[in-house]
Amino acid sequence: MSKWTRRALIALAFLVVVGGGAYYWLIVESHMPADAEFSLDMNAVRELADAMPGDKPENIQVEQVAGFAFPATAIVAGDGWAQKAMPVFSYRVVYPDGTSGIIDTAMDQKTAEAAGAPEFDQDAYDRMSAAMHKASFILITHEHMDHIGGLAAQPDVAALTPVVKITKEQQDHPERSAPVTFPEGVREGFTPVVYDRLTAIAPGIVLIKAPGHSPGSQMIYVRKADGTEILFLGDAVWQFRNIEVMRERARLVTQFMLKEDRMAVFGQIKALAALHEAEPGLKMMPGHDGGMMASLLEEGVLSKGFE
Ligand SMILES: [Zn+2]
């Protein structure tokens, strides 16, 4: 073997080791850290949900406004490169007296196209926009474009100011909503919800602060009049499989694209897995899980379409 062949082989071996290590670290590695933790006190949540006077919601409706498709490993690290659907939803909580509130506002067509989302349903978007204008409150799980975008895109968004209940953290991080922006002064004009760990926002509805996926991330607990409980997880996890196998998104996504607090999200996954084991009857709806959506529709926990 010539000196140059040997050098070339050493260089190649070096690339395989370093490149392989980097691939594993960025795309596959997702061990649950032993010290990851998140406190989720369901007794306190339930107490708050009951504390607000008034009837609890009798119905939760859903619209699928758009859909992404991501490689599986972006959703659950190590799951490979097959494309998986990532539907984008908006929810409408309806009270017996006909009043209602919105949870998450998906995004408009322009934003969906900019984000490369292959699916967009204009009729669903129009129904959501109409519902926003009849709502008593509009909540978002977090400040990313596919949750806040539909709100920001309303031509008269300033007129919705009295019912917009974004949190202080969501208001304070416009950079996390990119490429979505509000008209000059509108975001700053919202009166933010300021709370520490938990707060009730309406009868049966409690916000649970859960920074990690983004600074303004929260989970939203809803207890229906019939006693059904559902936890809207926002994008703490994109799909329920993250909780089943206790794995995060690939580090390439969390660290370099989303700039997540990965440790905080791991803590939430661990807490949600423990909660699911202790209380399998408590429903959980991850941010973008079409399979879980189908089950919850089938069980009648959610109902299809804003009316
Ligand atoms: Zn999302």
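Quick notes on the rules
- Here, residues in each chain are numbered from 1, in the same order as that chain's written sequence.
- Where totals are concerned, whole chains, interfaces and linings use all residues; where local detail is concerned, this predicted model gives features only for residues with pLDDT of at least 70, and gives and counts side-chain atom pairs only at 80 or more.
- Secondary structure elements are defined from DSSP: runs of H or I of at least 4 residues count as helices, runs of E of at least 2 residues count as strands, and each element is numbered from the N terminus.
- The size measure is the radius of gyration over C-alpha atoms, and the globule rule it meets is 2.2 Å times the number of residues to the 0.38 power.
- With C-beta atoms placed from the backbone, a residue is buried if 20 or more other C-beta atoms are within 10 Å of its own, exposed if 12 or fewer are, and partly exposed between those counts.
- Any two strands with at least two DSSP bridges between them are considered paired.
- Each axis is a line fitted through C-alpha atoms, and for a helix only the stretch in contact is used; angles between axes span 0 to 180 degrees, taken between their N-to-C directions.
- Nonpolar core, as used here: buried Ala, Val, Leu, Ile, Met, Phe, Trp, Tyr and Cys residues forming one set through C-beta atoms within 7 Å.
- We call two residues in contact whenever the C-beta atoms placed from their backbones are within 7 Å.
- By this rule, a helix spans an expected 1.5 Å times one less than how many residues it contains.
- Segment limits for the domains were obtained from an automatic or database-derived domain assignment.
- Each residue is assigned to one of three groups, with Ala, Val, Leu, Ile, Met, Phe, Trp, Tyr, Cys and Pro labelled nonpolar, Asp, Glu, Lys and Arg labelled charged, and all others, Gly among them, labelled polar.

Some details on the overall build of the chain
Helices and strands together make up the secondary structure of the chain, namely 12 helices and 11 strands. At 21 Å, the chain has a C-alpha radius of gyration in line with the 19 Å of a compact globule built from 307 residues. Each principal axis of the C-alpha distribution contributes one length, and for the chain these read about 85 × 45 × 35 Å. Per-residue burial for the chain yields a buried fraction of 41% across its 307 residues.

A short note on the sheet that holds strand S8 (residues 218-223)
On the basis of which strands lie adjacent, the open sheet formed by 5 strands has the order S6-S7-S8-S9-S10 and mixed pairing. Unpaired on one side and paired on the other, strand S6 (198-202) and strand S10 (283-285) mark the two borders of the sheet. Taken over all neighbouring pairs, the strand axes of this sheet differ in orientation by 25° on average, direction set aside.

Quick word on the nonpolar core
Residues Met219, Ile220, Tyr221 and Phe232 are the most contacted members of the largest nonpolar core, which totals 70 residues. For Tyr221, the contacting residues outside a window of four places in its chain are Val45, Ala49, Ile205, Val206, Ile208, Glu229 and Leu231.

Some thoughts on helix H6 (residues 145-152)
The buried count for H6 comes to 8 of 8 residues, which makes it a mostly enclosed element. The elements touched by buried residues of H6 are strand S1 (59-71), strand S2 (83-94), helix H4 (109-114), helix H5 (122-132) and strand S5 (137-139).

So, helix H11 (residues 262-278)
Look at H11: 24 Å from first C-alpha to last across 17 residues, which is about the 24 Å you get at 1.5 Å a residue. Inspection of H11 places Val265, Phe266, Gly267, Gln268, Ile269 and Leu272 among the buried residues, and these make up the whole buried set. In this fold, the buried residues of H11 make contact with helix H9 (241-244) and S10.

Observations regarding the pairing of strand S9 (residues 229-232)
Sheet analysis places S8 next to S9, joined by 4 bridges and oriented antiparallel. Looking at S9, one finds that Ile220 is bridged to Phe232. Linking two consecutive strands that pair antiparallel, namely S8 and S9, is a turn of 5 residues; a positive phi of about 95° is found at Gly227 within it. One ladder, built from 3 bridges, connects S9 with S10; its direction is parallel. Its bridge partner lying in S10, Leu231 is registered against Met284.

Considerations on the domain arrangement of the chain
A common way to express how large an interface is: the accessible area buried when the components associate. Domain annotation of the chain identifies domain 1 (1-30) and domain 2 (41-304). Placing the centre of domain 1 and that of domain 2 at their C-alpha centroids yields a distance of 42 Å. The partner domain 2 presents 8 residues to the 6 residues of domain 1 that form the contact. Looking at the side of domain 1 that touches domain 2 residue by residue, the class counts come to 4 nonpolar, 1 polar and 1 charged.

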